[in-house]
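Here's the letter readout for the chains.
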Amino acid sequence: VQVVESGGGLVQAGGSLRLSCAASGRTFSRSTMGWFRQAPGKEREVVATITWTGTSTDYADSVKCRFTISRDNAKNTVYLQMNSLKPEDTAVYYCVADRITNKNWRYWGQGTQVTVSS
């Protein structure tokens with residue numbers, strides 16, 4: 001089983017990025033998936049989650065109204081559209097699948113770096 005992120009990079013404040021997460025090795029169409037991030041010197045935090053139907057999403061307060069999580073079960077892929085990016089959004093972003101608890105997930109990607117310059 002693999003969970004692989006892509007789409008990170010360097011962007012100016014106010015800009016946008018779209019992260020993608022491709023899962024392989026089994027179907028994740030019935031799994032809750034999500035995104036975490038970890039900034040230097042800070043604890044890893046949940047950014048957004050989405051249920052397998054895609055009808056229920058949840059966001060960290062810090063990203064509400066700026067980030068949107070979505071998924072395409074036919075492609076085993078989840079996305080994170082990030083708009084109005086701020087320097088404090090700079091972090092390594094991790095895709096996760098199969099929630100055990102809110103902090104513990106069965107599958108983690110390797111992470112993709114997002115850097116927002118001021």
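Just so it is clear, the structure is predicted and the values come from calculations on it, not from any experiment.

Draft legend 1. Structural view of the overall build of the chain. Counting its regular elements, the chain contains 0 helices and 11 strands. In the chain, the order of α-helices and β-strands from amino to carboxyl end is β-β-β-β-β-β-β-β-β-β-β. Rg of the C-alpha trace for the chain: 13 Å, near the compact-globule value of 13 Å for 118 residues, within the 12% margin. Across its three principal axes, the chain shows a C-alpha extent of roughly 40 × 25 × 25 Å. Looking at the chain residue by residue over its 118 residues, the buried ones come to 43%. Relative to all contacts within the chain whose residues are 6 or more apart in sequence, the contacts with residues 24 or more apart total 53%.

Draft legend 2. Spatial organisation of the state of the cysteines. In the structure shown here, the tally under the stated rule is 1 disulfide. Covalent S-S linkage joins Cys21 and Cys95, the inter-sulfur distance amounting to 2.0 Å. Across the S-S bond of Cys21 and Cys95 the torsion is about -80°, and the bridge reads as left-handed. Residue Cys21 is found in strand E3 (residues 17-24), and its partner Cys95 is found in strand E9 (residues 91-99); the two are separated by 74 residues along the sequence.

Draft legend 3. Geometry of the sheet that holds E3. Within the open sheet, the 4 strands sit side by side as E1-E3-E8-E7. Their pairing is antiparallel. Where the open sheet ends on each side, the last strands, each with one partner, are strand E1 (2-6) and strand E7 (67-72). On average, adjacent strands in this sheet sit at an angle of 15° to one another, irrespective of strand direction. Bridging between E3 and strand E8 (residues 77-82) involves 6 bridges; their strand directions are antiparallel. Within E8, the position partnered with Cys21 by the bridge is Val78.

Draft legend 4. Highlighting the nonpolar core. The biggest cluster of nonpolar side chains holds 29 residues, and the ones touching the most others in it are Met33, Trp35, Leu80, Met82 and Tyr93. Counting only elements with at least two residues in this core, the list comes to E3, strand E4 (33-38), strand E5 (45-50), E7, E8, E9 and strand E11 (112-117).

Draft legend 5. Broad picture of unusual backbone geometry. The phi angle at Cys65 is positive, at roughly 75°, despite the residue not being glycine. Note on placement: Cys65 falls in the loop between strand E6 (57-59) and E7. For Asp98, which is not glycine, the phi torsion reads 65° and is therefore positive. Mapping Asp98 onto the fold places it in strand E9.

Draft legend 6. Structural view of the packing of aromatic side chains. One pass over the full model with this rule turns up 4 aromatic pairs. An angle of 55° between the planes, with centres 4.9 Å apart, marks the rings of Phe36 and Trp108 as tilted. Of this pair, Phe36 sits in strand E4 while Trp108 sits in strand E10 (residues 105-108), and the two are 72 residues apart along the sequence. We classify Phe36 as buried; its relative accessible area is 4%.

Reading the values: rules and limits
In every chain, residue numbers begin from 1 and rise along the written sequence. At least 70 in pLDDT is required for a residue's local features to be given in this predicted model, at least 80 for side-chain atom pairs to be given and counted, and no such filter applies to totals for whole chains, interfaces and linings, which use all residues. The side-chain quantities take in all heavy atoms of the structure and omit both hydrogens and water. Helix numbering and strand numbering both begin at the N terminus, where a helix is a DSSP run of H or I of at least 4 residues and a strand a DSSP run of E of at least 2. As a reference, a globule follows 2.2 Å times the number of residues to the power 0.38, and the radius of gyration itself is taken over C-alpha atoms. The classification of residues rests on relative accessible area computed with a 1.4 Å probe and restricted to protein chains. Under 20% of the type maximum is buried, over 50% is exposed, and intermediate values are partly exposed. The contact criterion used throughout is that any non-hydrogen atoms of two residues lie within 4.5 Å. Working definition: a disulfide is two cysteine sulfur atoms within 2.5 Å of each other. By the convention used here, strands pair only if DSSP detects at least 2 bridges between them. Note on method: axes are straight lines fitted to C-alpha atoms, helices fitted across the in-contact stretch only, with angles between N-to-C directions ranging 0 to 180 degrees. Throughout this description, the term nonpolar core refers to a set of buried Ala, Val, Leu, Ile, Met, Phe, Trp, Tyr and Cys residues connected via side-chain atoms within 4.5 Å. Two rings from Phe, Tyr or Trp (for Trp, the six-membered ring) form a pair when their centres sit within 6.5 Å of each other. Planes less than 30 degrees apart are called stacked, planes more than 60 degrees apart edge-to-face, and all others tilted.

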